[in-house]
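# Descriptive structure summary
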Amino acid sequence: MAAEGGGKEMNEIKTQFTTREGLYKLLSHSEYSRPNRVPFNSQGSNPVRVSFVNVNDQSGNGDRLCFNVGRELYFYIYKGVRKAADLSKPIDKRIYKGTQPTCHDFNHLTATAESVSLLVGFSAGQVQLIDPIKKETSKLFNEERLIDKSRVTCVKWVPGSESLFLVAHSSGNMYLYNVEHTCGTTAPHYQLLKQGENFAVHTCKSKSTRNPLLKWTVGEGALNEFAFSPDGKFLACVSQDGFLRVFNFDSVELHGTMKSYFGGLLCVCWSPDGKYIVTGGEDDLVTVWSFVDCRVIARGHGHKSWVSVVAFDPYTTSVEESDPMEFSGSDEDFQDLHFGRDRANSTQSRLSKRNSTDSRPVSVTYRFGSVGQDTQLCLWDLTEDILFPHQPLSRARTHTNVMNATSPPAGSGGTNPGSNGNSITTPGNSVPPPLPRSNSLPHSAVSNAGSKSSVMDGAIASGVSKFATLSLHDRKERHHEKDHKRNHSMGHISSKSSDKLNLVTKTKTDPAKTLGTPLCPRMEDVPLLEPLICKKIAHERLTVLIFLEDCIVTACQEGFICTWARPGKV
């Protein structure tokens, strides 16, 4: 149990750690678990997960917590840093037979002190809608397992909706449900709605509206997790085939893709402003991907085993003086960009604006965290030198050590000869390779290596040529110019061309072909972050990381949910 010992026993489990904000402290009295506090024997069971909801009750103690351990599901009042957890009084407790809960999600829109809507996914494929306050089980979806027989890996309410929810399975399929509709007594019949590279979306064919409304088939192997963008318009999915795929949820268009260094991707999250996506997986890395540029901008190495959860900390992410979004041209430009209809010229104007110092935010830092099967918690800072590597920094303003074979750590400022105050000027990462818009097969005929990235790269290349680090990249540049001319007018591939596309869809992506391409740059081609802190905080693999206003919540496979008070919040 992480609560005991000051980290002096054999395994050196930490009960506190310090960052630049101050001291984070484990509150042993705020530990939630099964009422008997016995460590759960987790062999072969599904990951422990935690969901929060605030029911806005008048007492000011509106936080509620749900977690699953083995066959059991608990619902408690969460007292956080204020009061000790009272485990003798769960508001609701359920024990399931023949199937285990795997994931859950509260509807934050409809939650009140009298009623909450909680979705629970199960190992045998069903999804249950329950109200743990009223102690009601209102509905069971996929009850006969006619829709999908495989384990539910992720379930979430569609942002802004009181009735729509999305369910992912280890079959690689995702289904859109409406709580008002039934699932029918026969297996659904489907009709193709849209097809693209390694994905297809079908509608359900039936006389009366029934569930599922849509069926998404994404990638190869299990779909491990998905996450909606903060504005609810985009959906990021990570799969066992190692791909991140980002879709426009309403138009069902593929916005961009990325490939893991190796192995499956297990977890995904969005930055609070929707500009960056972080993934974690079986390559033990965290990978930062730019939504706007559709490319990998950094990787982080600190874990010694698979990364199970990544999450941004919106309370420590800071932008001083001006909003980071303001480097763009007009709002209209940004709309164009946001919905995948890029204009080459607007991107160029945006870049030149971003490069002029007056319109750049004074300082921007994103904080995110990760936990893994190595029982470690890592915290990371994503700083300006990584986000905007092509601007001379007025001063080295970085908290993230950038490990790079040939450069000094970022933050040593001008020690690299000719670095002009720019902390990263090695050939490897001075010019990021352009990322094709929406193709996971880099050399296929349908590759739509959008106009934007080539133009952007051109602009960046001219900007840093004074560092004379481009000889290696120049050949690539010319190759991409050709690509760019050839694909310039293709735009997004419409569903009409799906027959031709079908030939491409079935071919399996060879990892050796993606390495060194924009989908999966080589390790030396992107900055490598070091964690701010990397601490062993549990005996068993970690499965939960949630950032709340006054604390961080972690949980391990033994079924202990731990609260770490933020600095000054005890």
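Computed from a prediction, not measured in an experiment: that's the story for all the values here. As a convention, each chain's residues are numbered from 1 in the sequence order in which they are written. With the structure being a predicted model, the display of local features is reserved for residues of pLDDT at least 70 and the display and counting of side-chain atom pairs for 80 or more, all residues being used for whole-chain, interface and lining totals. The basis for every side-chain value is the complete set of non-hydrogen atoms in the structure, without hydrogens or water.

### Concerning the side chain of serine 229
- A run of H or I in DSSP counts as a helix once it spans at least four residues, and a run of E counts as a strand once it spans at least two, with each numbered from the N terminus. By the element assignment, serine 229 lies in the loop between strand 17 (223–228) and strand 18 (234–239).
- Polar contacts here mean pairs of N or O atoms no more than 3.5 Å apart (in protein, one a potential hydrogen donor and the other a potential acceptor; neighbouring residues in sequence count only if both atoms are side-chain atoms). Separated by 2.6 Å, the side chains of serine 229 and aspartate 231 make a polar contact.
- The contact definition used throughout considers only heavy atoms, calling two residues in contact when any of these lie within 4.5 Å. For serine 229, the contacting residues outside a window of four places in its chain are Phe234 and Trp270.

### Details of the pattern of salt bridges
- Any carboxyl oxygen of Asp or Glu within 4 Å of a side-chain nitrogen of Lys or Arg constitutes a salt bridge here. Applying the stated criterion across every chain, the model contains twelve salt bridges.
- Arginine 295 is the partner of aspartate 293 in a salt bridge, and the nearest nitrogen-oxygen pair spans 4.0 Å.
- For arginine 295, a relative accessible area of 11% gives the class buried.
- In this structure, the salt-bridge partner of arginine 566 is aspartate 313, at a minimum N-O distance of 2.9 Å. Taken together, the positions of arginine 566 in the segment after strand 34 (561–565) and aspartate 313 in the loop between strand 25 (307–312) and strand 26 (318–320) put the pair 253 residues apart, joining distant regions of the chain. Of the two residues examined, arginine 566 and aspartate 313, each falls in the buried class.
- What emerges from the salt-bridge pattern is a single network uniting Arg20, Glu21, Arg367 and Asp381. Buried residues are those whose accessible area, probed at 1.4 Å on protein chains only, stays under 20% of the maximum for their type, while exposed residues exceed 50% and partly exposed ones sit between those limits.

### Notes on the packing of aromatic side chains
- Side-chain rings of Phe, Tyr and Trp, where Trp is taken by its six-membered ring, are said to pair if the distance between their centres is within 6.5 Å; with planes under 30 degrees apart they count as stacked, over 60 as edge-to-face, and otherwise as tilted. In the structure shown here, the tally under the stated rule is 26 aromatic pairs.
- Ring geometry for tyrosine 74 against tyrosine 76: centres 6.2 Å apart, planes inclined by 20°, an arrangement best described as stacked.
- When the centroid spacing of 5.1 Å and the interplanar angle of 75° are considered together, the rings of tryptophan 216 and phenylalanine 247 count as edge-to-face. Here phenylalanine 247 lies in strand 19 (residues 243–248) and tryptophan 216 lies in strand 16 (residues 214–218), a separation of 31 residues in the sequence.

### Some remarks on the side chain of threonine 19
- Looking at where threonine 19 falls in the secondary structure, it is placed in strand 1 (residues 16–19).
- At a separation of 2.8 Å, a polar atom in the side chain of threonine 19 contacts the side chain of glutamate 21.
- Aside from chain neighbours lying at most four places away, what touches threonine 19 is Tyr24, Arg367, Leu379 and Ile533.

### Structural notes on the pairing of strand 20 (residues 253–259)
- Within strand 20, six of the seven residues are buried, which leaves it mostly tucked inside the rest of the structure.
- Taking the residues that link successive antiparallel strands as the turn, the strand 19-strand 20 hairpin has four residues, and the phi of valine 252 there is positive, at about 55°. In this scheme, strands are said to pair when DSSP sees at least two bridges between them.

### What about the nonpolar core?
- Residue types Ala, Val, Leu, Ile, Met, Phe, Trp, Tyr and Cys, when buried and joined through side-chain atoms within 4.5 Å, form a set referred to as a nonpolar core. Core analysis: the biggest nonpolar cluster contains 22 residues, and Tyr32, Val50, Leu65, Phe67, Tyr78 and Ile561 have the highest contact counts within it.
- If you list the elements that add at least two residues to this core, you get strand 3 (50–54), strand 4 (63–69), strand 5 (72–77), strand 33 (551–556) and strand 34.
- Discounting residues that sit within four places of it in the chain, phenylalanine 67 has contacts with Tyr32, Ser33, Arg34, Arg49, Val50, Glu72, Leu73, Tyr74, Tyr76, His104 and Ile561.
- Residues Tyr276, Ile297, Val307 and Leu529 belong to the second largest nonpolar core, which totals 21 residues.

### Overview of the sheet that holds strand 6 (residues 92–95)
- Strands sit in the order 3-4-5-6 across an open sheet of four strands; the sheet is antiparallel. Because the sheet does not close on itself, it has two edges, and the strands there are strand 3 and strand 6. Each neighbouring strand pair of the sheet contributes to a mean axis angle of 15°, computed without reference to strand direction.
- Here five bridges tie strand 3 to strand 4, and the two strands are oriented antiparallel to one another. Bridging from a neighbouring strand, phenylalanine 52 pairs with leucine 65 of strand 4. Between N-to-C directions, angles cover 0 to 180 degrees, with each direction set by a line fitted to C-alpha atoms, over the stretch in contact for helices.

### Details of the environment of valine 268
- Note that valine 268 resides in strand 21 (residues 265–270).
- Residues valine 268 and valine 278, spaced ten residues apart in sequence, show a C-alpha to C-alpha distance of 5.7 Å.
- Leave out the neighbours within four places in its chain, and valine 268 touches Glu225, Phe226, Ala227, Ala236, Val238, Leu244, Ile277, Val278, Thr279 and Val310.

### What to know about the sheet that holds strand 15 (residues 199–205)
- Taken together, six strands build an open sheet; the order of strands is 11-12-13-16-15-14 and the sheet is antiparallel. Across the chains shown, the open sheet's two edge strands, defined by having one partner strand only, are strand 11 (152–157) and strand 14 (189–196). The sheet shows a mean angle of 20° between the axes of neighbouring strands, taken without regard to direction.

### Some thoughts on the confidence of the model for the protein
- For every residue, the predictor states its confidence as a pLDDT score lying anywhere from 0 to 100. Scored by pLDDT, the protein has a mean of 78; 69% of the residues are at 70 or more.
- Scored below 50 in pLDDT, residues 322–358 makes 63 contacts in the model with residues more than four places away or belonging to other chains.

### Details of unusual backbone geometry
- Of note, the amide linkage connecting asparagine 211 to proline 212 takes the cis form, showing an omega dihedral of -5°.
- You can see proline 212 is positioned in the loop between strand 15 and strand 16.
- Located in the positive-phi region is valine 252, a residue other than glycine, with phi close to 55°.
- For valine 252, the position within the fold is in the loop between strand 19 and strand 20.
- On the basis of relative accessible area, valine 252 is assigned to the buried category, the value being 5%.
- The residue threonine 375 is not glycine, and still its phi comes out positive at about 65°.
- Mapped onto the elements, threonine 375 comes out in the loop between strand 27 (363–372) and strand 28 (376–383).
- Judged by its relative accessible area of 6%, threonine 375 falls in the buried class.

### What to know about the UniProt feature "repeat: WD" (unreviewed entry) in the protein
- UniProt positions are given in the numbering used here, feature names are shortened, and annotations may be inferred rather than shown by experiment. UniProt records the feature "repeat: WD" (unreviewed entry) at residues 258–290, using the numbering of this structure.
- With 0% helix and 61% strand, residues 258–290 has its two end C-alpha atoms placed 10 Å apart.

### Looking at the environment of valine 570
- With respect to the helices, strands and loops of the structure, valine 570 is situated in the segment after strand 34.
- Remark: the alpha-carbon pair of valine 570 and cysteine 551, spanning 19 residues in sequence, is separated by 9.3 Å.
- What valine 570 contacts, discounting residues up to four positions off in sequence, is Leu27 and Ala565.

### Notes on the pairing of strand 19
- In terms of burial, strand 19 is a largely internal element, six of the six residues being buried.
- A two-sided burial pattern is seen for strand 19, the buried positions comprising Phe243, Arg245 and Phe247 on one face and Leu244, Val246 and Asn248 on the other.
- With five bridges joining them, strand 18 and strand 19 adopt antiparallel strand pairing. Note that in strand 19 the partner of phenylalanine 234 across the bridge is asparagine 248.
- The antiparallel pairing of strand 18 with strand 19 creates a hairpin that spans three residues between the two strands, and glycine 242 there sits at a positive phi of about 90°.
- One ladder, built from six bridges, connects strand 19 with strand 20; its direction is antiparallel. If you follow valine 246 over to strand 20, its bridge partner there is glycine 256.

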